[in-house]
Amino acid sequence: MLWLVWLCLLYLKSGALGFGILPGESFNHQTITERALLNVTAQVCRALALAEGKDFTFPAQPFTAKSIANACEAPKSYKVFLPNILIIQSMNAATDLRRLFDPRYHCDDELLTEGQKLITDGLSALKAANRKQNFLSARLTLGKILHTLQDFYSHSNWVELGNKFPNVNMIRKNANIGNIAAKTTATCRSCNGNDCSNNILEEIIAKNILTSGYFSIIPFFATKPNGKCSHGGSIDRTSSIVPKGGINKDSYSSSHGYLHREAAELAIAATSQILEDIRGASGDREFLQLMGISKGSSKALCFVVDTTGSMGDDIAAVRTVTSTIIDSKVGTEDEPSLYILVPFNDPDFGPLIKTTDADVFKDYINSLTAYEGGDLPEMTLSGLQLALTGSPPNSEIFLFTDAPAKDESLKNTVIALIEQTKTVVNFMVTNVLGFRRRRQADGNQPQTQRMARANSQLYRDLAQASGGQVIQISKNQLLQATSLITESTSSSLVTLLQANRNLGKPENYTFSVDETLTNLIIYITGDSVDFTLVNPSGELHNKTSTGPSVITAELVGNLRTLQLRTQVGLWELRIMSTNPYTLKVVGQSPIDFIFNFVKQSQGALEGYDLVENRPTAGSNTSLEVTLLEADSTTVTEVTLVESSGSGQVNGLVEAQGGGKYLVHFDKIPSVEFVVLVKGQSTNSTTSRASSVTFQRQSTTSLRASTLTVTVSDTGSVLEPGTPLLVPFSVTTTGDGGNFVIKATNNQGFDLTFPSSLTLESGGSANGTASITAPSTSQSGTGVTLTIEAEAPGGADTNYGVLRLTVLPKVTDFSPAFCQLVSLQSNCSDNCNQSMWELSVEVTDGENGTGIDRISLREGDGILISNVTTANGSVTLVSYNASCCSSNVQIVVVDRVGNVDVCSYSVTPRVSATVSPTVASTAQPSSPTTTSSSRAVQPSLLCFSMMILGLMLGCKMG
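(A) Summary view of unusual backbone geometry. The linkage connecting Gln61 with the following residue, Pro62, adopts the cis geometry, with an omega of -5 degrees. With respect to the helices and strands, Pro62 occurs in the loop between α1 (29–51) and α2 (65–71). Gly350 connects to Pro351 through a cis peptide bond whose omega is 5 degrees. By secondary structure assignment, the location of Pro351 is in the loop between β4 (338–344) and β5 (353–355). Its identity as a non-glycine residue notwithstanding, Asn519 has a phi of 50 degrees, on the positive side.

(B) Examining the sheet that holds strand β6 (residues 396–401) more closely. Pairing within the open sheet is mixed, and its six strands lie in the order β5-β4-β3-β6-β7-β8. Lying at the two open borders of the sheet, with one neighbouring strand each, are β5 and β8 (470–473). Here the strands of the sheet are splayed against their neighbours by 15 degrees on average, with no regard to which way each runs. Pairing between strand β3 (residues 300–306) and β4: seven bridges, direction parallel. Its bridge partner being in β4, Leu301 is matched across the sheet by Tyr339. Along the sheet face, helix α11 (residues 380–390) touches β3, β4, β5, β6 and β7 (424–430) and points at about 160 degrees away from the line of β4.

(C) Seen up close, empty space enclosed by the protein. The full count for this structure, using the stated rule, is nine cavities of 30 Å³ or more. What lines the largest cavity is a set of 16 residues, and nearest its centre among them are Leu123, Lys127, Ile171, Lys173 and Asn898. Take the lining of the largest cavity: its biggest share by element is four residues, from helix α4 (residues 112–131). Class assignment of the residues belonging to the lining of the largest cavity gives a composition of seven nonpolar, four polar and five charged.

(D) Layout of the pattern of salt bridges. Under the defined criterion, the tally for this structure stands at 33 salt bridges. The shortest N-O distance in the salt bridge between Glu73 and Lys295 comes to 3.4 Å. With a gap of 222 residues between them, Glu73 in the loop between α2 and α3 (78–98) and Lys295 in the loop between α8 (284–291) and β3 connect regions that are remote in the sequence. By relative accessible area, which is 45% here, Glu73 ends up partly exposed. A residue is classified by how much of its surface remains accessible, and Lys295, at 45% relative accessible area, is partly exposed. Notably, a salt bridge pairs Lys144 with Asp713, separated by 2.8 Å at the nearest N-O pair. Taken as a pair, Lys144 in helix α5 (residues 135–155) and Asp713 in the loop between β27 (707–711) and β28 (717–718) lie far apart in primary sequence, 569 residues in all. Looking at Lys144, the relative accessible area reads 22%, which means it is partly exposed.

(E) Spotlight on the packing of aromatic side chains. Summed over the entire model, instances satisfying the criterion amount to 12 aromatic pairs. A ring pair is formed by Phe56 and Phe58, whose centres lie 5.3 Å apart and whose planes are at 85 degrees; its orientation type is edge-to-face. Between Phe303 and Phe400, the ring centres sit 5.6 Å apart and the planes meet at 90 degrees, which makes this aromatic pair edge-to-face. On the criterion of sequence distance, the pair formed by Phe303 in strand β3 and Phe400 in strand β6 is long-range, its members being 97 residues apart. Of the two residues examined, Phe303 and Phe400, each falls in the buried class.

Calculation rules
Residues numbered from 1 in each chain as written. Predicted model: local features only at pLDDT ≥ 70, side-chain atom pairs only at ≥ 80, totals over all residues. Heavy atoms only, no water. Helix = DSSP H or I, 4+ residues; strand = E, 2+ residues; numbered from the N terminus. Pairing = 2+ DSSP bridges. Axes fitted to C-alpha atoms, helices over the stretch in contact; angles between N-to-C directions. Contact = heavy atoms within 4.5 Å. 1 Å grid on protein atoms, 1.4 Å probe; cavity = no way out; pocket = protein on both sides within 12 Å on 5 of 7 lines; lining within 4 Å. Points joined across faces, edges and corners; volume = space filled by probe spheres on them. Nonpolar A, V, L, I, M, F, W, Y, C, P; charged D, E, K, R; others polar. Salt bridge = Lys/Arg side-chain N within 4 Å of Asp/Glu carboxyl O. Buried < 20%, exposed > 50% of the residue type's maximum accessible area, 1.4 Å probe, protein only. Phe/Tyr/Trp six-rings, centres within 6.5 Å; stacked < 30°, edge-to-face > 60°.

The quantities given are spatial measurements derived from coordinates; they are silent on function.
Next up, the structure:
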């Protein structure tokens, strides 16, 4: 899916449809987005540090995700912060390919108001998702709306009109963005050859009229109204129609390239402006959650727990493990960034509980009780599906159960979500799926035993797909086995080697250990698995003799763990078994990689497009790989390795710079496979000058398909009570026939879809799903819609995923505003011995939704707010502070996320009293007051330009 793409994969022709994508001297969407994200994040961290009485030091320019994470005292967040930036960037870039023919998304064809609506509608959905901690959907939406916002400054004549600040009304719903040219109003003359610097008509400039260029890539059919400007560029067919030329500022070589820098600077400032609005609506700490910045581990702790009657012992063990992890890691760099709990029973499952507060999570766990669940199977996969859709990407989930799954029909959906999120799922199965004592007398034991065996294989299949394990233990062994959970909460955990064998045989494995690795552990799950471990010095260890390389060895149930003493070099593990087993070698290291499959774009724009689901079988393919420790590592090999065999396909590696690599494969394995990356690390801690070989492997098992399922992006909003039609298509490169269609959603909302589609060989067919959220659905609820297609015979499947946010129709478009009641100060030259205070009335108006949150952004004083009306539309706010803290910014948010920033200040001189209604006879202390319901725009503009100064390398005082 798009959000799993960690970097821009689109190499567009210069000036094709927006700020360039290809890195170079010109600014591009990626650069604009990254600079704003990094700098606003730095400002938020600075504000929080100052509020805590700490100093904050900006890192050296240019900012990077790693340097900002370090400056925010959250270094381990880098592994999440960087991917989140790339998620937003890739969604931004994808707009050019996926919305090429829709001018609204690019502010073309004078559809500026329509572009504004896309931005403000998306912003409303984003804020609603943030309130529910539905951060993934919020990031996806943010990337989309940023493209349209940034294109406004490149494609319209806002810069040519002499504007030096962004158009703040582009992010204000229903606000007037300016006087847009009528369809009958001529706006341009033909360029003078290649010189387009004077092609906008003088009267358009003089009357401050907004326009934007028309664009079309269709030969012979391109048109535009008489006298209108064109976008311009080699692929814009309207640019050859009088008036010829164009006005875009996408690059220095564009028609108006002489204004490219000014347009890019305004786009950076506007991007910072919308991020500030999101920050105001969510709060500083929540904004950092959206970005993926947290002090402690970057990983979430996620439990999915069976709560049926026989699970009392298991739930008690979960409580103990939770307390152990929390008590040992709270306040440390390995403290989980998020806690998630999903209970399941029969017929119920959920709700998903998500919190960043360790004590709150303890309370949730302690409130779990085991109660009767009906017949033996439980809603296991329904609970797991909810956890997969509610957890961050690259999470690790632990599922506790002692029963088979009742909802095995969700297997393909769950595997699709595992592949989408690259999440690891571990099954902690007690009693080895045996009978529960309360059900032994049900008279149907043979059937139940067969079901248990089948579901044991189901759990193994799901674990294999995710890179997890099925740990089968007795209930009294559960606490001992859950030591695995404690180790997995480290955000620096990496996988060196992983293998799964459904039919065991003698086999040798090798893995390379580099100097950055610590806490090496081997996990082997399976019955009667013999092994011999050989370290780089040739010393042996097996289950009957302890070698010097092994610190501890432990066997619990079917799980064997070996903790190794780190020794740089090539290790060998020899396995002897005829039984099924899994093998996993992990350690802690800063060196890791992220990846996604890409395909050559088939559209009008050159470059690579994203593979949103499974790559196409029987064809060549490409892979994008990004190293997370690019300064000290180089990729030399990338291989697709069969998950359950020894087969592999080697790729051709092309370095792209900045730790990015494009890898080409002439074929894809016909069975499940993982990605293995090898390279050289120069981060040596010894006196040796030579580099050390490292290897890292992906956890998720991937597979190719002859099917492609494409789900149309109908927008990110699902309005309660109103059906949303979702068109989709299924294409096959194989044989035709009757293809089974299945669709599910994680919220259980009403859903209709065709049960099958008929395809010819190598053909395609279209269908439409309809999903309806109940009228009582809460705003911000995340909905994940998965549509699957299954080929005749069931041997091949593929899927498409659409993420939606529930959002009721918004009617409150205006932020609350501040009205100063009084400001009093007793400030003198000795500010430590004097105070000032103010009183402000905050009003959301008669038709407003009410005040949701009032908080301080700047100021070291005490803020107190009291609601004075029944509907919460009026609130009296008081603030008092030392005169040493002479400025205050009060952030006011209403219940639909409209934001106002009210700024006030006092200049320390002599005693004074100021009131808006009572004249003061004392000498004034030079107070300055600003109610940003009327002045929030200049406030945000000033901040945006300050951010821009940082981005352009200006030194801040």
